[in-house]
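Results of the structural survey
Residues per chain, in single letters:
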Amino acid sequence: MPTSHRNLDEQSAHNGAHTVGGENAAVASSPGLGSPAQMGVFSADLQGEFSGCNSVFSQLLGYSHGELLGRDFSVLFGEKEKANGEDHVQLRKVILGTISTQGEYHSRLFAQTKAGRGVPVRFSATLMQDSASTPKAIVALVVPLEPANRAVVSPASAAPVPVAPGIISRKVDGTQFILASPAMHKFMGLVDRVAGQPETVLITGETGTGKELIARTVHEASHRRSRPWVDINCAALPENLVESELFGYEKGAFSGADASKPGLFELADKGTLFLDEIGELQPQTQVKLLRVLDGQPFYRLGGHRKIKVDVRIVAATNQDLEAAVKNGRFRQDLFHRLGQFQLRVPPLRERPEDIVALAEHFLHLKASRKNFSPQAISALLSHSWPGNIRELRNLVAKVTMESQTTEIDFSRLSAALTGEPTALRQTASLPVGNLESMEEQMILKALERTGGHRTLAAEQLGISRRTLSRKLKEYSICFEPGDNPVPLGFVSTEQQKFFRARVEIPVTIRNARGEELAVNGVNLSTGGMGLDGLKEPMRFSGLLDVSFALPGSDIPFQAKARLMWIGEGGRVGIRFAVIEPALFEELQHWTNRKMKEEGWDFPS
């Protein structure tokens, strides 16, 4: 299959900011947002800049109409109070990217007032189209989640308002995808990053974590979303049928082949082929799959005509493929070819915020008037969920059916969790011993549930991380693997050099004639960078001198570079041609750190 390497960040930005215009999404109403007198409304162009707003929105934030027009709307919003830095850049990308693929976006955010205060709001944005279905603008409704007369006050008189992290609902293939935890928000950032790439993606995770839904998200957020989506469960087919299903067969190829049949690769041409349970493939099929992934044409079973396709492969497994490689059950070359990008879906126990959000979502689908008691919520959080989301959904369906009251209490839920009689469960669930030993046991159980992640364990216990650290010393608890969070994804060595991090830095370039120009660096990698503001790029063809300060440090970076591509509006890409080894090492450390911050790790 042909492989073209793309700038990860640049492609994600393209998906978010420019493909909005290609979607056919009707403006949707947003029920439950409040009365018109409470709703702040603003409109933005397809690049996310204010083009108009109503008086309620202006009053809410304390700005005049003129002060808002032409500004990037995401600067005034954040996922947490007093958000700063590049938070708004990521939020803008998420909002525009979601609107581009789904036509709408809903979340709880903090609106930043002119006085500097964060006001919790319900934010809902949709795409506006004309009668010819041409996208014209983005329209957003903003409703404060506290009385409007408290919205615009000085920071000194405003006490912080504790609000739960934003819950985002993404619709994927008709299914509501609920995101509440910071871990999943970060994970979906990785998903959106790789969606626009042509390379293969390997999705790993425990059973029931929603790997197929992640695969569909990769497809629907990519340029192939209007092309075929084809999926196959490799474990559900007999060994002798897998090859014919993947590659097709000709008439008479075997007994019962009364007519020719195209394989799944042909059906998925120009689209995405999802191989679920990839670890179940037999060795002989693995060899043929590897050839196709390497761009080689293939034959149908019993055929004599070569067939070449352009298919993006997304695979998933709940097995440890590295262990399977060591045991000889899975080809090492296929594993590395599939794992250009690896996405590890966190299990439910590592994201407690999602447990509550998903449980309430499933409960609302079954019985909208019912709710969980606080004790029942605690029981949900204390369970380890080996079956993950699938187990949670089935349990909520069971207790909803059995409960005759509007509130689902602890006894009903705990009995369903263990399958034991309620009275027995209530006595068996209590730790045995004095108060100190009970506390020690609760701490150990929380650390077990979170895989040793102290911050998550502290949240589940309802204490601060500092208090937990003090308790660990007090009880001489040493729990491995410690505080190192499990990575959300792996990026192959081949792909690491194509990783580009978003930056906003001043850059000076000088051509062979000695002409200097100050431009803006917008992304940076070990191989080159993107620049804005080069209005006459052909004046800077040939070898260039490039200088800037490495972001987050005082290290002056200088290199020789060449112009590689020219875009619109003065945006160009340059490739570094000559770098001193010491500076290259510093740049490599910097990009590795940026990848780690995003959630990527590097396979050993």
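Let us look at the structure shown here. Computed from a prediction, not measured in an experiment: that's the story for all the values here.

This next bit is on the sheet that holds strand 1 (residues 40-44). Pairing within the open sheet is antiparallel, and its six strands lie in the order 2-1-6-5-4-3. Of all the strands in the sheet, just strand 2 (50-53) and strand 3 (77-78) have a single pairing partner and so form its edges. Summarising the sheet, strand 3 and strand 4 (residues 104-112) pair through two bridges and their orientation is antiparallel. Considered in strand 4, the bridge of Gly78 is made with Phe110.

Below, the discussion takes up the pairing of strand 22 (residues 516-524). Put simply, side chains in a regular strand alternate between the two faces of the sheet. By the bridge criterion, eight bridges tie strand 21 (residues 501-510) to strand 22 in an arrangement that is antiparallel. Across the sheet, residue Arg502 finds its bridge partner in strand 22, namely Asn523. In sequence, strand 21 turns back onto strand 22 through a hairpin of five residues, with Gly514 there showing a positive phi of about 90 degrees. Between strand 22 and strand 23 (residues 528-532), which follow one another and run antiparallel, lie three residues.

Unusually for a residue other than glycine, Trp385 sits at a positive phi of about 50 degrees. Assignment of secondary structure puts Trp385 in the loop between helix 13 (374-382) and helix 14 (388-402). The residue Asn388 is not glycine, and still its phi comes out positive at about 55 degrees. The residue Asn388 is located in helix 14 in this model. We classify Asn388 as buried; its relative accessible area is 0%.

Let's shift gears to the sheet that holds strand 17 (residues 341-344). As summarised here, the arrangement of the seven strands in space is 10-13-16-9-17-20-27, forming an open sheet in which the pairing is mixed. This sheet does not close on itself; its edge strands, each paired only once, are strand 10 (229-233) and strand 27 (600-601). Pairing analysis gives four bridges linking strand 9 (residues 201-204) to strand 17, with the strands arranged parallel. In the strand pairing of strand 17, Thr204 is matched with Arg344.

Inspection of the entire model under this criterion finds 15 aromatic pairs. When the ring of Phe557 is compared with that of Phe576, the centres are 5.5 Å apart and the planes differ by 50 degrees; the resulting orientation is tilted. With Phe557 in strand 25 (residues 556-566) and Phe576 in strand 26 (residues 572-578), this residue pair connects regions lying 19 residues apart in the sequence. This pair shows no difference in class: Phe557 is buried, exactly as Phe576 is.

On to the nonpolar core, then. It is characteristic of soluble globular proteins that their nonpolar side chains tend to be buried jointly. Core analysis: the largest hydrophobic core is formed by 82 residues, its most contacted members being Phe42, Phe77, Phe123, Met529, Phe548 and Phe576. Apart from the residues within four sequence positions on either side, Phe123 is in contact with Phe42, Phe73, Phe77, Ile95, Tyr105, His106, Ser107, Leu109, Ala140, Leu141 and Val142. In this structure, Phe247, Val309, Leu321 and Ala324 belong to the second largest nonpolar core, which totals 31 residues.

Here we take up helix 21 (residues 581-598). The periodicity of an α-helix, 3.6 residues per turn, causes residues three or four places apart in sequence to face the same way. The end-to-end C-alpha distance of helix 21, which contains 18 residues, comes to 26 Å, matching closely the 26 Å that a straight helix rising 1.5 Å per residue would cover. Turning to helix 21, its buried residues are Leu583, Leu587, Trp590, Thr591 and Met595. In a view along the axis of helix 21, the buried residues occupy a sector of 135 degrees, so they form one face of it. Turned more than 90 degrees away from the buried face of helix 21, the exposed residues are Pro581 and Ala582.

Further remarks concern the side chain of Thr317. One can find Thr317 in strand 16 (residues 312-317). Under the relative-accessibility criterion, Thr317 is labelled buried at 0%. Polar side-chain contacts of Thr317 include one of 3.0 Å to the backbone nitrogen of Gln319. Sequence-distant contacts of Thr317, that is, excluding residues within four places in its chain, are made with Leu202, Ile203, Thr204, Gly205, Lys211, Ile278 and Gly279.

Taking burial as the measure, the 12 residues of strand 5 (residues 118-129) include nine buried ones, the bulk of the element. The sheet contact formed by strand 4 and strand 5 spans nine bridges and is antiparallel. Residue Ala111 lies in a different strand from strand 5, and its bridge partner there is Val119. The loop that links strand 4 with its antiparallel partner strand 5 comprises five residues; one of these, Gly116, has a positive phi angle of about 100 degrees. Pairing between strand 5 and strand 6 (residues 135-144): nine bridges, direction antiparallel. Opposite Thr126, over in strand 6, you have Val139 as the bridge partner.

Next up on the list: the packing of helix 5 (residues 182-195) against helix 6 (residues 211-220). When two helices pack together, their arrangement is given by the angle between their axes and by how far apart the axes lie. Following both chains from N to C, one finds helix 5 and helix 6 inclined at 45 degrees, their axes separated by 8 Å at the closest point. Judged by the angle between their axes, helix 5 and helix 6 are oblique. Relative to helix 6, the crossing made by helix 5 is right-handed. Only Ile214, Thr217 and Val218 of helix 6 make contact with helix 5, whose side of the interface consists of Phe187, Met188, Val191 and Ala195. Grouping the amino acids of the contact of helix 5 with helix 6 by side-chain chemistry returns six nonpolar, one polar and no charged.

Here is what the cut-offs are and how they apply
Residues numbered from 1 in each chain as written. Predicted model: local features only at pLDDT ≥ 70, side-chain atom pairs only at ≥ 80, totals over all residues. Heavy atoms only, no water. Pairing = 2+ DSSP bridges. Helix = DSSP H or I, 4+ residues; strand = E, 2+ residues; numbered from the N terminus. Buried < 20%, exposed > 50% of the residue type's maximum accessible area, 1.4 Å probe, protein only. Phe/Tyr/Trp six-rings, centres within 6.5 Å; stacked < 30°, edge-to-face > 60°. Core = buried A, V, L, I, M, F, W, Y, C linked by side-chain atoms within 4.5 Å. Contact = heavy atoms within 4.5 Å. Expected span 1.5 Å × (residues − 1). Arc of directions from axis to C-beta. Polar contact = N/O pair within 3.5 Å; in protein donor to acceptor, adjacent residues only side chain to side chain. Axes fitted to C-alpha atoms, helices over the stretch in contact; angles between N-to-C directions. Parallel < 35°, antiparallel > 145°, perpendicular 65-115°, else oblique. Left-handed = near helix turned anticlockwise from the far one by under 90°. Nonpolar A, V, L, I, M, F, W, Y, C, P; charged D, E, K, R; others polar.

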